[in-house]
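If you want the building blocks of each chain, they are given just below.
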Amino acid sequence: MSTRTVRTSGLPYWLFVNFPSSKLYFSQFKHIKDTEELEQSSQLRKHAQRVMNAINTLVENIDDSEKMASVLKLVGKAHALRHKVDPVYFKILSGVILEVLAEEFPEVVTPEVGAAWTKLLASVYSGIKTVYEEVGWTQQSTSTG
């Protein structure tokens, strides 16, 4: 595999540009209209790094269902109860992650690798959605559906 690292700033940048409604959940970013300013935001990069760190933890513990459930519960509860993020954005973010990985590592993200990442991210979404249901999530008015 390439020794390059994924440009984590590309994840939220792509997400916000292609799904601008997602910015509504980020008080520190929602006012930024200029895409260049958005891409340069250190807060945005820090959040993207937290997302990738969580995914890395899931991948490292793929054979430890308790650890994976613990991480998904932590992320799900925080986003459902504190941040009030519609869970559909986890599905959207999965697509963004796949897109960025394929763009950054075209020689590595073969159809088989893409299928494995798709399966992992679908499991993450399913786990997060289950946590949302457990905490009694109700659809918010800012959702996309």
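See the structure printed just above.
Reference entry: report on the structure contained in this document. (Residues numbered from 1 in each chain as written. Predicted model: local features only at pLDDT ≥ 70, side-chain atom pairs only at ≥ 80, totals over all residues. Heavy atoms only, no water.)

Describing the overall build of the protein
Then, in step 1: Of the regular secondary structure elements, the protein holds six helices and zero strands.
Then, in step 2: Buried residues in the protein amount to 39% of all 145 residues.
Then, in step 3: Sequence separation of at least 24 residues holds for 70% of the intrachain contacts in the protein that already meet a minimum separation of 6.
Then, in step 4: Carbon and sulfur atoms provide 54% of the accessible area of the protein, an area that totals close to 8,700 Å². (Helix = DSSP H or I, 4+ residues; strand = E, 2+ residues; numbered from the N terminus. Buried < 20%, exposed > 50% of the residue type's maximum accessible area, 1.4 Å probe, protein only. Contact = heavy atoms within 4.5 Å. Areas by Shrake-Rupley, 256 points an atom, 1.4 Å probe, with all protein chains shown as cover.)

Brief notes about the environment of lysine 91
Then, in step 1: Along the chain, lysine 91 falls in helix H5 (residues 88-104).
Then, in step 2: Through-space distance from the C-alpha of lysine 91 to that of alanine 122 is 7.6 Å; in sequence the pair is 31 residues apart.

Observations regarding the nonpolar core
Then, in step 1: Counting 34 residues, the largest nonpolar core has Phe16 and Tyr132 as its most contacted members.
Then, in step 2: By residue number, the principal contributor to this core is H5, which donates nine residues.
Then, in step 3: When near neighbours in sequence (up to four residues on either side) are disregarded, phenylalanine 16 contacts Ser22, Lys23, Phe26, Phe29, Leu38 and Leu44. (Core = buried A, V, L, I, M, F, W, Y, C linked by side-chain atoms within 4.5 Å.)

Let's talk about the packing of helix H4 (residues 65-82) against helix H6 (residues 111-134)
Then, in step 1: At their nearest, the axes of H4 and H6 sit 8 Å apart, and the two run at 60° to each other. Regarding the angle of H4 to H6, the classification is oblique. Handedness of the H4/H6 crossing: right-handed. Contacts from Met68, Leu72, Lys73, Val75, Gly76, Lys77, His79 and Ala80 in H4 reach Leu120, Val124, Gly127, Ile128, Val131, Tyr132 and Glu134 in H6.
Then, in step 2: Counted by class, the contact of H4 with H6 contains nine nonpolar, three polar and three charged residues. (Axes fitted to C-alpha atoms, helices over the stretch in contact; angles between N-to-C directions. Parallel < 35°, antiparallel > 145°, perpendicular 65-115°, else oblique. Left-handed = near helix turned anticlockwise from the far one by under 90°. Nonpolar A, V, L, I, M, F, W, Y, C, P; charged D, E, K, R; others polar.)

Description of the environment of leucine 38
Then, in step 1: Secondary-structure assignment places leucine 38 in helix H2 (residues 35-40).
Then, in step 2: Residue leucine 38 is classed as buried on the basis of its relative accessible area, which comes to 3%.
Then, in step 3: When the C-alpha atoms of leucine 38 and valine 17 are compared, they prove to be 9.4 Å apart, with 21 residues separating the residues in sequence.
Then, in step 4: Apart from residues lying up to four places away in sequence, leucine 38 is in contact with Phe16, Lys23, Phe29, Ile32 and Leu44.

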